[in-house]
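Examination of the molecular architecture
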Amino acid sequence: MTAKRTGLYPGTFDPPTLGHLDIIKRAVKLVDHLVIGVATNAAKTPMFTLDERVAMVRAEAEKAAAGRAVIEVRPFDTLLVKFAESVGASVIIRGLRAVSDFEYEFQMVAMNQRLSAEIETVFLMADPRHQAISSRLVKEIALLGGDIAPFTTPAIADALLKRSKEKA
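Read on for an overview of the structure. (Residues numbered from 1 in each chain as written. Predicted model: local features only at pLDDT ≥ 70, side-chain atom pairs only at ≥ 80, totals over all residues. Heavy atoms only, no water.)

This part is about the sheet that holds strand E4 (residues 91-96). The 5 strands lie next to each other as E3-E2-E1-E4-E5, forming an open sheet whose pairing is parallel. Two strands bound the open sheet, and with one partner strand each, they are strand E3 (70-76) and strand E5 (120-125). Averaged over all pairs of adjacent strands, the angle between their axes in this sheet comes to 30°, without regard to strand direction. Note: strand E1 (residues 6-11) against strand E2 (residues 33-39), 6 bridges, orientation parallel. Looking across to E2, one finds that Tyr-9 is bridged to Ile-36. Contacts from helix H1 (residues 18-27) reach E1, E2, E4 and E5, with the element oriented near 120° to E5. (Pairing = 2+ DSSP bridges. Helix = DSSP H or I, 4+ residues; strand = E, 2+ residues; numbered from the N terminus. Axes fitted to C-alpha atoms, helices over the stretch in contact; angles between N-to-C directions. Contact = heavy atoms within 4.5 Å.)

Have a look at this one:
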């Protein structure tokens, strides 16, 4: 019997975008069990609560995975490597959009390797159609009344537009 491979795809997902869903669609081709870790990040001021982000990711991830792997969505507020160890992940999956992403991620991989040599990091390049999409820019477009339909799912767009009106 082959051992199950567990991967961890971490992020703040505020909100989840088509770029995030693209990485999930591709990550489930590499692992049997994908844990999507929804992070709290003191450096960021999220538009959505942790519970809202977990619920949004959970609703969209199952569709994106299309039954290729077991999907689990969990919040976390610990060191990434410690969370990866706690869920039994042997691989951390990260999406890259641009060279600027790589510089930051390169540093993170080096530190994570020092903390746990047993966990590998795999980078998936963003689909060219989604390379410009970031949650920060999608929120900004929504707050300024722009069309966010090309960047996220209809359900996420509705939630984001509703929240944007509350913030206005």
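Turning our eyes to something else, we now look at the pairing of E2. Note on strand geometry: in a regular strand, side chains alternate between the two faces of the sheet. Counting buried positions along E2 yields 7 of 7 residues, so the element is predominantly enclosed. Every second residue of E2 is oriented toward a common face, with His-33, Val-35, Gly-37 and Ala-39 on one face and Leu-34, Ile-36 and Val-38 on the other, all of them buried. Taking the sense of rotation as the criterion, the β-α-β connection linking E1, H1 and E2 turns out right-handed. Pairing analysis gives 7 bridges linking E2 to E3, with the strands arranged parallel. Pairing of Leu-34 across the sheet is with Ile-71, part of E3. Note on the crossover from E2 through helix H2 (residues 50-65) to E3: the handedness is right-handed. (Buried < 20%, exposed > 50% of the residue type's maximum accessible area, 1.4 Å probe, protein only. Right-handed = clockwise from strand over helix to strand, strands pointing away.)

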